[in-house]
Amino acid sequence: GSLVRTFTPFYFLVEPMDILSVRGASVIMNCSAYCETSPKIEWKKDGTFLNLVSDDRRQLLPDGSLLINSVVHSKHNKPDEGYYQCVATVESLGTIVSRTAKLTVAGLPRFTSQPESSSVYKGNSAILNCEVNVDLAPFVRWEQDRQPLFLDDRVFKLPSGALIISNATDTDGGLYRCIIESGGTPKYSDEAELKILPDPEVPQNLMFVRQPSSLTKVTGQSAVFPCVAVGFPTPYIRWTRNEEELITEGYERFLLLAGGSLEISDVTEEDVGMYTCIADNGNETIEAQAELTVQVPPEFLKRPANIYAHESMDIVFECEVTGKPTPTVKWVKNGDMVIPSDYFKIVKEHNLQVLGLVKSDEGFYQCIAENDVGNAQAGAQLIILDLDVAIPTLPPTSLTSATNDHLAPATTGPLPSAPRDVVATLVSTRFIRLTWRTPVSDPQGDNLTYSIFYTKEGINRERVENTSRPGETQVTIQNLMPETVYVFRVVAQNKHGPGESSVPLKVATQPEVQLPGPAPNIRAYASSPTSISVTWETPLSGNGEIQNYKLYYMEKGQDIEQDVDVGGLSYTINGLKKYTEYSFRVVAYNKHGPGVSTQDVVVRTLSDVPSAPPQNLTLEVRNSKSIMLHWQPPPPGTHSGQITGYKIRYRKVSRKSDVTESIGGTQLFQLIEGLERGTEYSFRVAALTVNGTGPATDWVSAETFESDLDETRVPEVPSSLHVRPLVTSIVVSWTPPENQNIVVRGYAIGYGIGSPHAQTIKVDYKQRYYTIENLDPSSHYVITLKAFNNVGEGIPLYESAVTRPHSVPDPSPMMPPVGVQASILSHDTIRITWADNSLPKNQKITDARYYTVRWKTNIPANTKYKTANATTLSYLVTGLKPNTLYEFSVMVTKGRRSSTWSMTAHGTTFELVPTSPPKDVTVVSKEGKPRTIIVNWQPPSEANGKITGYIIYYSTDVNAEIHDWVIEPVVGNRLTHQIQELTLDTPYYFKIQARNSKGMGPMSEAVQFRTPKAESSDKMPNDQASGSAGRGSRPVDIGPDYKPPLGGNNSPHGSPTSPLDSNMLLVIIVSVGVITIVIVVIVAVFCTRRTTSHQKKKRAACKSVNGSHKYKGNSKDVKPPDLWIHHERLELKPIDKSPDPNPIMTDTPIPRNSQDITPVDNSMDSNIHQRRNSYRGHESEDSMSTLAGRRGMRPKMMMPFDSQPPQPVISAHPIHSLDNPHHHFHSGSLASPTRSYLHHQVNPWPIGTSMSHSDRANSTESVRNTPSTDTMPASSSQTCADHQDPESTTGSYLANAQEEDSAQNLPTAHVRPSHPLKSFAVPAVPPAGSTYDPALPSTPLLTQQASNHPVHSVKTASIGTLGRTRPPMPVVVPSAPDVQETTRMLEDSES
């Protein structure tokens, strides 16, 4: 085994200390170091080695000390003054340095002040100054009458050199001088005579002749606070520290010197504080203060410890220091300063970290701590052992030279070969992960540990990282530098030691993405009252060019920040408020994103003239020559600066020229004097800022009195006096004297029990009543009233009154609350607020009054009120019914007094979704038409708002999922509805749901109805004529395996099926396929000629059928099928062919939630619901549409088509796999597309878009992305006549027949939350006054061709899914084609 080298003791026994010397003296700087091998000692002065070999003045003594003979010091040559340091070196071991010691040489003798002649009363103290520079103070002594002066407790010298003589006696008189003896010739001061005066007969003022001054001392020094006071009687002096009495007697460190000065020896940190000298002579006291600050030289709390290490390891030398001021720490290695670098780092302020050790790092390291008052050093040794020597675990102190034995030797044996395939599996900006395979010599490698050596390329200093457990073959190296090449090698170790190294691997770290820093020097300055310019400089941006800047700004006190993009380095923001503070900050952007924001800079826009006149200008005529003006400042926000004053302009009304009078400051009144009597004057006031005059008020006029009132005599008796006694007060009211020509300055009220002279109260001349308070009940008071002016009081008027007894309740009512307001908060809560004029202006309630709020519904028959008490000026009324008008009033009660009820306030609660279903649902068969039934019902009892629509659900399966029921929307003002084309002899179940502007209510219980068995014969011809196109039979009779002829979405639909055998099924399928085209032609020709009865017209109208539900068999009325917009192929393009100069193409965001549709805006999308939103039921006798009115406002929707269908089919199908990335529904309830039959209906007025079946023949896209809310049934309100609806924007339902019969709006899809695709509801009624001109001109929509297939337009709209959020989507809707054009389209498509 190898030897472990031990640490060698090497330290200083003696270190040099600071020295004060004088010219010509000899100085010894002590130094002595200990080591087994005697060290070589050298000296440095001011950091440079001294060459002592040929120096005759300075020499090295045998113990290592430095001797300086005859210190040299002159004005221009100071070779010996400075900082000395002792350096000890042992060859092959290292070097240590001592602390630095300062040699100060006292300067040339010079007095800064000299003694002056003075006199002192016997027993008092005298002071003689002799100020010299600090270095020389120790060399000062005194002489009295040219003889050396002996100092004692009574006569002593201050550290500054001054002399204090306390308790003066006659012997102290004489001539004094001070001498500086600092080597060489002594220097004498001027002589000064001290005279001793006998005791004065009269007391003399107390005064300080020397006060203490603040001191800063180092611990261990002594401090003297001089304090000398004179006066008669002789003063006594005492001291306090931090206002606590300082006890000096029997205390070793605090000494009270003669005359009262305080000496503190061996100063410690506890002595810090404010010292006060208090002089007291019985007549008076004076005090003086001074502060003591204590500094502490550096001391070590933790010294560096010796360290053993291997090469490539990281180590830390610890060093903790304290001191005052806080010391700085530097490190020295072998006598040379350690310069911090990537591998030598100062960590935790004082510790030295060495990374990746190399052999040359061995040696002695010293921590040197330094502050203003001293320095100290402490050192430790670093030994780097060979890799095959284990680091000893023994405490290093016990490793002396005696224990230099063999440590446990490593066993010998085969060492591992090199690890294989070292690769960097992860390379980041500041770390790299390495992995490798086990060495060939040890394929298992379970017991191997690995050391990873790494270094920056081109640097020979390696660092090492060890794996954390045996067998681990990966490691992450942290704390690397970005964009730097590192070299890695891996060494395996077994119990015998480290093996071969792997081949070095070079890896470069990633460059760091650097965002811009904050823009430097951001400055903002106001360039005008409404604009501010901001400038800044280019920030550091690392590796990305600055692309642009964002300038953020905000009005001070607001919390809404605005921003603007800026390309350059300055920007001016305009349109700001005048004289308002704004804050600004800038963020720079580069390709990586936004950088660091600058600090906010705040600047105020410039002031301007006020933008509004002063408010509330009032005039008060004082007499025949003067008028008093009062006004208020302009409203807040219009001052545009600091108001500096006001300008008053006035003139006689008869004249045009005016007089101006300016007043400075902020006073809000002015007396205008020197006017003419009996003359009308006009006045106006304007506010001023430093920028000028703002707008003036309107002219206000008043007339001076014709003659001034007489004040040469007292006023006459008041013309009347009335008293009204209460329990503890009397209300007194009066009228002024009849002779109005004598000045009245006020009124004096006297009162008392039995006599009016007990109390007197004076009130203003304007006052006409007064309440005398705090009286006794049931007492007889006499009251007197006199008018007075400056001459005196007039004749009194007498009255008497008896206050009421206590038991009688106080009848005087309080004033009722005023300003009662009802603020509606929700469907069941209203906040009532009010004011109370019997409270002070700030409306603070300080007494025990309370308020009673009462409310009831505003139904004349309802007289029942509810009440509640409140102690504040507001009350929250809860538990109200939705959509109900309530009236509220308030009264106040205080003690036994209460007010009447206030004026009422009214408020209608907000609507809520209906909370009960429609009631009394009945179903009856229609006479003569067994396949048509009539559903009747009554509105819900808890409608909670205006019912805007109903939805009838029906199904043959009462247990079917609700989204599998067929739905029929009905407008809200109808309570009956016909449903046609039902299957005979089948039980149907019906449910009804009501909706208002807030959403859908609950469904009614299911009502069963069975259709009759026989079908009347009168329906058949019609049936075959118009109903069979595109269907083999009614869809409800089709079996579950039916496939649409052109490959739509095949799936069972869940509708009830008639029990048909499979042969019948085949016949149906074949017949459907074969005759579809033939029927289309026949029906098209047939329909173009159908113009006979209202009944036929109605059927031709576009009746809405819901696309995602089961289709009813409808062989009688030809209804346009639903259009499911194929979003995958949908482009929202404005195809505006209209000559309308301002087509409405606004994108209206759709509310995120159906709850958002408040009564204020029931229309979901203003483009679509711009007319009365009445959805007409199928049974209306004549459905006509306001085509011309509609056309002027419809934006267009274009639908491009797939060009592959085998044949055009004019038909619209539900295409369920609608693919639109903008709309995600949170319901993933269907994993595969909902499927449904495709019914090929043909419509004489085709509204549906011709949509190829093969587009999505077998779509498997999830319905999650389906924007179900954007789908809707084709409108039943399409064009069927040219009837214009002049009032179609009124938003109300008119009762006259023609209005009723025109279909007033298209129904809008509203999806219930049960399924994203499944049900629709009637839209809400739009507000009155929608901006829609029914007479806008418009041209028909031109036919759009796509691969020879006609593209027909559809009107769609959407209402947000109930309870779901979704992003807004613009809905654009085209005009309906007019009649002839539609016919042409049909013929085109068939040809």
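Colleague: Outline the overall build of the chain, supporting the account with residue identities and numerical values.
Modeller: Across its full length, the chain holds 6 helices and 93 strands. The buried share of the chain, taken over its 1391 residues, is 49%. Taking as baseline every contact in the chain between residues at least 6 positions apart, the subset at least 24 positions apart corresponds to 68%. Just so you have it, the chain exposes about 65,000 Å², and 51% of that area is on carbon and sulfur atoms.

Colleague: Give me the packing of aromatic side chains: which residues, what numbers.
Modeller: Two aromatic rings are characterised by how far apart their centres lie and by the angle between their planes. Applying the stated criterion across every chain, the model contains 23 aromatic pairs. Ring centres of Trp 734 and Tyr 747 lie 5.5 Å apart, and the angle between their planes is 55°; on these two criteria the pair is classed as tilted. Taken as a pair, Trp 734 in strand 66 (residues 730-737) and Tyr 747 in strand 67 (residues 746-753) lie far apart in primary sequence, 13 residues in all. Looking at Trp 734, the relative accessible area reads 4%, which means it is buried. By relative accessible area, Tyr 747 is classed as buried at 1%. Taken together, the aromatic side chains of Phe 225, Trp 239 and Tyr 275 make up a single cluster linked through ring pairs. The residue whose ring lies beneath Lys 856 is Tyr 865, and the NZ or CZ to ring-centre distance is 5.8 Å.

Colleague: Go over the sheet that holds strand 80 (residues 919-926) with me, naming the residues and quoting the values.
Modeller: Taken together, 3 strands build an open sheet; the order of strands is 80-81-84 and the sheet is antiparallel. One side of each edge strand has no neighbouring strand; the edge strands of this open sheet are strand 80 and strand 84 (976-979). The mean angle between the axes of side-by-side strands here comes to 20°, regardless of whether they run parallel or antiparallel. Examined bridge by bridge, strand 81 (residues 929-938) and strand 84 share 4 bridges and lie antiparallel to one another. If you follow Asn 936 over to strand 84, its bridge partner there is Thr 976.

Colleague: Tell me what's going on with the pairing of strand 32 (residues 307-310), and back it up with residues and numbers.
Modeller: Burial along strand 32 is two-sided: Ile 307 and Ala 309 facing one way and Tyr 308 and His 310 facing the other are all buried. Pairing of strand 32 with strand 40 (residues 374-385), which is carried by 4 bridges, proceeds in the parallel orientation. Residue pairing in the sheet places Ile 307 in a bridge with Leu 382 of strand 40.

Colleague: Outline the state of the cysteines, listing residues and values.
Modeller: One pass over the structure, following the stated rule, counts 4 disulfides. The disulfide bridge from Cys 31 ends at Cys 86, spanning 1.8 Å between sulfur atoms. Its S-S torsion of approximately -65° makes the covalent link between Cys 31 and Cys 86 left-handed. You can see Cys 31 sitting in the loop between strand 3 (27-29) and strand 4 (32-35) and its partner Cys 86 sitting in strand 9 (residues 82-90), a full 55 residues away along the chain.

Colleague: Explain a nonpolar patch on the surface to me, using residue names and the numbers behind them.
Modeller: A contiguous nonpolar patch, built from Val 1070, Val 1074, Ile 1075, Val 1078 and Ile 1082 and spanning about 430 Å² of accessible area, is present on the exposed surface. Tracing the backbone through its elements, the reader meets Val 1074 in helix 2 (residues 1062-1088).

Colleague: How would you summarise the environment of Gly 374 if you had to cite specific residues and measurements?
Modeller: Turning to its location among the elements, Gly 374 is positioned in strand 40. By relative accessible area, which is 13% here, Gly 374 ends up buried. Along the sequence, Gly 374 and Thr 100 sit 274 residues apart, while their C-alpha atoms lie 8.5 Å from each other. In this structure Gly 374 touches Arg 99, Pro 297, Pro 298 and Ala 369, once residues within four positions along its chain are discounted.

Colleague: Would you mind going over the nonpolar core in detail, with residue names and values included?
Modeller: Ranked by internal contacts, the top residues of the largest apolar core, which has 24 residues, are Ile 315, Phe 317, Trp 331, Leu 352 and Leu 382. For this core, the secondary structure elements donating two or more residues are strand 32, strand 33 (315-317), strand 35 (328-333), strand 38 (351-354), strand 39 (363-371) and strand 40. Considering every element that reaches this core, the biggest residue donor is strand 40, with 5 residues.

Colleague: Account for the sheet that holds strand 53 (residues 570-573), naming residues and giving values.
Modeller: Backbone-to-backbone hydrogen bonds join strands into a sheet, with any given pair of strands oriented parallel or antiparallel. Ordered in space as 49-50-53, the 3 strands form an open sheet in which the pairing is antiparallel. Looking at which strands have only one partner, the edges of the open sheet turn out to be strand 49 (523-528) and strand 53. In this sheet, adjacent strand axes meet at a mean angle of 20° when their direction is disregarded.

Colleague: Before we move on, could you go through the confidence of the model for the chain and cite the residues and values that matter?
Modeller: Confidence in the prediction of the chain, expressed as mean pLDDT, is 76, and 73% of residues score 70 or more. Confidence drops under pLDDT 50 across residues 396-410; counting only partners more than four residues distant or on other chains, this segment forms 21 contacts. Per-residue pLDDT stays below 50 along residues 1017-1060; that stretch engages in 106 contacts with residues further than four places along the chain or on separate chains.

Colleague: Let's hear about the pattern of salt bridges: which residues, and what values?
Modeller: Counted according to the given criterion, the structure contains 38 salt bridges. Here Arg 931 makes a salt bridge to Glu 981, at a shortest N to O gap of 3.1 Å. Linking Arg 931 in strand 81 with Glu 981 in the loop between strand 84 and strand 85 (987-996), this pair joins segments that are 50 residues apart in sequence. Of the two residues examined, Arg 931 and Glu 981, each falls in the buried class.

Colleague: I'd like a rundown of the environment of Gln 642, residues and numbers included.
Modeller: Tracing the chain through its elements places Gln 642 in the loop between strand 58 (627-632) and strand 59 (645-652). Owing to a relative accessible area of 53%, Gln 642 belongs among the exposed residues under this scheme. Between the C-alpha atom of Gln 642 and that of Thr 689, which follows or precedes it by 47 residues, the distance is 5.9 Å. Filtering out sequence-adjacent residues up to four positions away, Gln 642 remains in contact with Tyr 579, Leu 688 and Thr 689. Engagement of the side chain of Gln 642 in a polar contact is seen with the side chain of Tyr 579, the distance being 3.1 Å.

Colleague: How would you sum up the side chain of Ser 528? Please name residues and give values.
Modeller: Structurally, the position occupied by Ser 528 is in strand 49. A distance of 2.8 Å separates polar atoms of two side chains, one belonging to Ser 528 and the other to Ser 531.

Colleague: Describe in detail the environment of Asp 658, supporting the description with residues and values.
Modeller: Residue placement: Asp 658 occurs in the loop between strand 59 and strand 60 (659-664). Judged by its relative accessible area of 26%, Asp 658 falls in the partly exposed class. Along the chain, Asp 658 and Ser 682 lie 24 residues apart, while their C-alpha atoms are 9.2 Å from each other. In this view, Asp 658 contacts Arg 649, Tyr 650, Arg 651 and Trp 699; residues no more than four positions away in its chain are not counted.

Definitions and cut-offs
Residues numbered from 1 in each chain as written. Predicted model: local features only at pLDDT ≥ 70, side-chain atom pairs only at ≥ 80, totals over all residues. Heavy atoms only, no water. Helix = DSSP H or I, 4+ residues; strand = E, 2+ residues; numbered from the N terminus. Buried < 20%, exposed > 50% of the residue type's maximum accessible area, 1.4 Å probe, protein only. Contact = heavy atoms within 4.5 Å. Areas by Shrake-Rupley, 256 points an atom, 1.4 Å probe, with all protein chains shown as cover. Phe/Tyr/Trp six-rings, centres within 6.5 Å; stacked < 30°, edge-to-face > 60°. Lys NZ or Arg CZ within 6 Å of the ring centre and 35° of its normal. Pairing = 2+ DSSP bridges. Axes fitted to C-alpha atoms, helices over the stretch in contact; angles between N-to-C directions. Disulfide = S-S within 2.5 Å. Patch = residues over 30% accessible without salt bridge, like charges linked within 9 Å, V, L, I, M, F, W, Y side chains within 5 Å. Salt bridge = Lys/Arg side-chain N within 4 Å of Asp/Glu carboxyl O. Core = buried A, V, L, I, M, F, W, Y, C linked by side-chain atoms within 4.5 Å. pLDDT = per-residue confidence, 0-100. Polar contact = N/O pair within 3.5 Å; in protein donor to acceptor, adjacent residues only side chain to side chain.

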